[in-house]
Amino acid sequence: MKFEVLEDGARIRNKNVLGIALYEDFSQEDLLPLPSSLALLVKMEIPRENFKAKKGTSLIVPLADGETQCIVLAGMGKREEACLDDWRIAAFMIARTAASRGASSVSIAMPDASGKYGGHDRELSRCIGSGVVLAGYRFEKYRTQDQEDRFRAPDVVEVLGADISGLEEGRIVSAGQCWARDMANEPGNVINPGTFEQEARRLAESHGLEIGVLDASELERRGMNALLSVGRGSATPPRLIHLTYRPEAASKGAIALVGKGITFDSGGLSIKPADSMVTMKGDKTGACVVLAAVKVASELKLPLTVHAITGVAENMPGGGAYRPDDIIRAYNGKTIEVNNTDAEGRLTLADALAYASELEPDAIIDIATLTGACAVALGDTTAGLFTNDERLGTEFLSVTRASGERFWKLPMDDENLRKKVKSSVADVVNSAGRYGGAITAAMFLENFVKKGTPWIHLDIAATDFAKEAYSYYTKGATAFGMRTIARFLIARAGA
Ligand code: BES
Ligand code: MN
Ligand code: ZN
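Residues numbered from 1 in each chain as written. Chains lettered and ligands numbered in written order. Predicted model: local features only at pLDDT ≥ 70, side-chain atom pairs only at ≥ 80, totals over all residues. Heavy atoms only, no water.

Overview of the packing of helix 3 (residues 122–135) against helix 16 (residues 482–492)
Relative orientation of the contacting elements helix 3 and helix 16 amounts to 150°, with a least axis distance of 14 Å. In terms of axis orientation, helix 3 runs roughly antiparallel to helix 16. Viewed along their axes, helix 3 and helix 16 form a crossing whose handedness is right-handed. On helix 16, the residues that touch Glu123, Arg126, Ser130 and Leu134 of helix 3 are Arg483, Arg487 and Ile490. (Axes fitted to C-alpha atoms, helices over the stretch in contact; angles between N-to-C directions. Helix = DSSP H or I, 4+ residues; strand = E, 2+ residues; numbered from the N terminus. Parallel < 35°, antiparallel > 145°, perpendicular 65-115°, else oblique. Left-handed = near helix turned anticlockwise from the far one by under 90°. Contact = heavy atoms within 4.5 Å.)

With respect to the coordination of the manganese ion (ligand 2)
Note on the manganese ion (ligand 2): its protein donors are Asp265 (OD), Asp342 (O), Asp342 (OD) and Glu344 (OE). The metal-donor distances range over 2.1 to 2.2 Å. Viewed at the metal, the six donor atoms of the manganese ion (ligand 2) are separated by angles of 69 to 167°, and the geometry they form is irregular. Taken in chain order, the donor set of the manganese ion (ligand 2) reads D-x76-D-x1-E. In this structure, the manganese ion (ligand 2) lies 3.1 Å from the zinc ion (ligand 3), and both are coordinated by Asp265. Residue Asp265 is located in strand 9 (residues 254–265), and its partner Glu344 is located in the loop between strand 12 (335–337) and helix 10 (345–358); the two are separated by 79 residues in the primary sequence. With relative accessibility at 0%, the residue Glu344 sits in the buried group. (Donors = N, O, S within 2.8 Å, 3.2 Å for Na, K, Ca; no water. Tetrahedral: all angles 85-135°; square planar, octahedral: opposite > 155°, others 65-115°. Buried < 20%, exposed > 50% of the residue type's maximum accessible area, 1.4 Å probe, protein only.)

Notes on the sheet that holds strand 1 (residues 2–6)
One open sheet accounts for six strands, arranged 1-6-5-2-4-3; its pairing is mixed. Edge positions in the sheet fall to strand 1 and strand 3 (58–62), since each has one partner strand and no second. Sheet twist, expressed as the average angle between the axes of neighbouring strands with direction ignored, equals 20°. Here strand 2 (residues 17–22) pairs with strand 4 (residues 70–75) via six bridges, running parallel. What sits directly across from Gly19, in strand 4, is Val72. Packing against the sheet, helix 4 (residues 164–185) makes contact with strand 1 and strand 6 (156–160), and its axis sits at approximately 155° to strand 1. (Pairing = 2+ DSSP bridges.)

Some details on the sheet that holds strand 17 (residues 455–459)
The strand order 7-8-10-9-13-17-14-15 describes an open sheet built from eight strands, whose pairing is mixed. In this open sheet, the two edge strands, each paired with only one partner strand, are strand 7 (210–214) and strand 15 (406–409). Going across the sheet, the axis of each strand differs from the next one's by a mean of 20°, ignoring polarity.

Concerning the packing of aromatic side chains
Applying the stated criterion across every chain yields a total of seven aromatic pairs. Ring-pair connections join several aromatic residues into one group, and the members of that group are Phe396, Phe407, Phe480 and Phe488. (Phe/Tyr/Trp six-rings, centres within 6.5 Å; stacked < 30°, edge-to-face > 60°.)

Digging into empty space enclosed by the protein
In the structure shown here, the tally under the stated rule is one cavity of 30 Å³ or more. Here the largest cavity is characterised by a volume of approximately 120 Å³. Lining the largest cavity are 14 residues, with Arg88, Arg126, Val173, Arg483 and Arg487 positioned closest to its centre. Elements with a contribution of two residues or more to the lining of the largest cavity: helix 3, helix 4, helix 13 (400–403) and helix 16. Split into classes, the residues belonging to the lining of the largest cavity amount to five nonpolar, three polar and six charged. Each of domain 1 (2–162) and domain 2 (173–492) gives at least three residues to the lining of the largest cavity. (1 Å grid on protein atoms, 1.4 Å probe; cavity = no way out; pocket = protein on both sides within 12 Å on 5 of 7 lines; lining within 4 Å. Points joined across faces, edges and corners; volume = space filled by probe spheres on them. Nonpolar A, V, L, I, M, F, W, Y, C, P; charged D, E, K, R; others polar. Domains from an automatic or database assignment.)

Some thoughts on the layout of surface pockets
Quantified by volume, the largest pocket comes out at close to 1,100 Å³. Forming the boundary of the largest pocket are 44 residues, of which Lys272, Leu370, Thr371, Gly372 and Ala373 lie nearest the centre. Breaking the lining of the largest pocket down by element, the ones donating at least two residues are strand 9, helix 8 (274–277), helix 10, helix 11 (372–378) and helix 15 (437–446). No other element matches helix 11, which puts five residues into the lining of the largest pocket. Residues that form the lining of the largest pocket fall into these classes: 18 nonpolar, 14 polar and 12 charged. Considered as a void within the structure, the second largest pocket measures approximately 260 Å³ in volume.

Things to note about the pairing of strand 14 (residues 382–387)
Across the six residues that make up strand 14, a large majority, six, are buried. Burial along strand 14 is two-sided: Thr382, Gly384 and Phe386 and Ala383, Leu385 and Thr387, pointing in opposite directions, are all buried. Sheet topology places strand 14 next to strand 15; four bridges connect them, and they run parallel. Each bridged residue has a counterpart across the sheet, and for Leu385 the counterpart in strand 15 is Lys409.

Here's the deal with the coordination of the zinc ion (ligand 3)
Around the zinc ion (ligand 3), the protein contributes the donor atoms Lys260 (NZ), Asp265 (OD), Asp283 (OD) and Glu344 (OE), which lie 2.0 to 2.4 Å from the metal centre. Of note, the zinc ion (ligand 3) draws all its donor residues from one chain, in the sequence arrangement K-x4-D-x17-D-x60-E.

A few points about the domain arrangement of the protein
The extent of an interface is frequently quoted as the accessible surface area lost upon association of the parts. What the domain assignment reports for the protein is domain 1 (2–162) and domain 2 (173–492). Taken over C-alpha atoms, the centre of domain 1 sits 36 Å from the centre of domain 2. If you look at the interface, domain 1 gives 16 residues, while domain 2 gives 20 residues. Together, the buried faces of domain 1 and domain 2 total about 1,600 Å²; carbon and sulfur atoms form 58% of this surface. When the area that domain 1 buries against domain 2 is broken down by residue, the three leading residues are Leu134, Tyr137 and Phe139, summing to 36%. Run the count over domain 1 and domain 2 and you get two salt bridges. Glu123 is the salt-bridge partner of Arg487, the closest N and O atoms lying 2.6 Å from each other. Where domain 1 touches domain 2, the interface holds nine residue pairs in polar contact (both at pLDDT 80 or more). Among the secondary structure elements, those contributing two or more residues to the side of domain 1 that touches domain 2 are helix 2 (84–100) and helix 3. (Buried area = accessible area lost by both parts, 1.4 Å probe. Salt bridge = Lys/Arg side-chain N within 4 Å of Asp/Glu carboxyl O. Polar contact = N/O pair within 3.5 Å; in protein donor to acceptor, adjacent residues only side chain to side chain.)

Quick look at the pattern of salt bridges
Pairing of side chains with opposite charge becomes possible as their charged atoms draw close. Counted under the stated rule, the structure contains 36 salt bridges. Linked through salt bridges whose partners overlap, the residues forming this network are Arg122, Glu123, Arg126, Glu169 and Arg487.

Examining helix 10
Along an α-helix, a turn takes 3.6 residues, which lines up residues three or four apart on a common side. Between its terminal C-alpha atoms helix 10 stretches 20 Å, which fits the 20 Å expected from 14 residues at 1.5 Å a residue. Where burial is concerned, most of helix 10 is hidden: 13 out of the 14 residues are buried. (Expected span 1.5 Å × (residues − 1).)

Laid out in structure tokens, this is it:
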């Protein structure tokens, strides 16, 4: 797919699909980017179809003949309430309509906050580019294609008055997101710790990234028993994967990203009920996201070092499985009492966070489908954020306006709650009960981050997977958090 920019003041025309975004208070003048004969037609169609330009709605006006198949009007809602994500959603709606009609070219006109069709800054253009790329996504490789299916991502996308580098950056970030979604959507019979490693190696190869893999015997040698324990019930042994994007001039320091990589979470011996096990192929989303983030950092040539670290394991109840009551010594020497083998993510993260701490990065960000409690607290479209460093937390939250992903900070200063993570037979216990379950999970993780290292923990349980399509997500993996991490890295890089 190729982006083209149409100069300010020009009209969108001569493409298979023409898309124009409108606020609820739109007037005739807002149709100016359309050729006048088409604007006339649209003007008649709007009242007929009672189109009000409400947020998330669209109107398709089919054309009888000529190169242009249809015009798409995308509702932006109230002008004064418009936020950056609305441009992403509207661009998605227009490009998605084109894709579902098999159109090979599309031209898009969107008003900025002041109503101007053009002169778009880089951030706005990133959102548009991002929305267009998300519109080309679907995970249907395992469906036998039916003949009727015309879906194809457009070859040429023209945007009126956009910033070309912004469009390209939006493309890179959302292509990374789609890469992560593809990985996360793969089922457990395809992606296991071994095939996950193969994919990581392929990525390292194609992008010139450093890769190090610790296999089970190496994990044994180093005392990474928490990760090892989780993987013991599976036919495929666990491993720790470490990818690094290291630019020649890493003038902006180093960030370590740690992702939860459970290729399937059955719960282990503390086995999940059947219904809760469905979607647990998505329990590797954090790992997919951190891999995609180094891919994006390298494609954007950001001047900072980015590490992606993941302990990959499959949580299964096989004969060798770890058990409730087991006491494990983690990589950093702390001991863990296991009282629930379904609280496995924090165990794999314990060793991965301790490993990441040794790299002495400027900050560690971990991302994990960690607790159902987080989904209960925040719902399935807002993820949790926990931090030991208020400044870092604020810095991260400040880019969500542009990324369009919702995060909400949950507290870590409740000392009475923190006591629940203590064990009577070991240093800590892996499950501290139902109340405050997302917070106690974060408090557990804190034990494995080296003191003084700024750290953020992101809990993306349930946000990782869309039960049905919404905004620019199709049903299935969302790779939630990917865009915010990428935007955070871009900000760190000063771009
Ligand atoms: N992978 C799950 C968390 C999860 C739940 C992700 C729903 C996505 C959607 C995690 O490993 C888990 O099982 N957590 C337990 C922890 C409990 C045993 C302390 C949970 O949330 O029930
Ligand atoms: Mn679990
Ligand atoms: Zn899990």
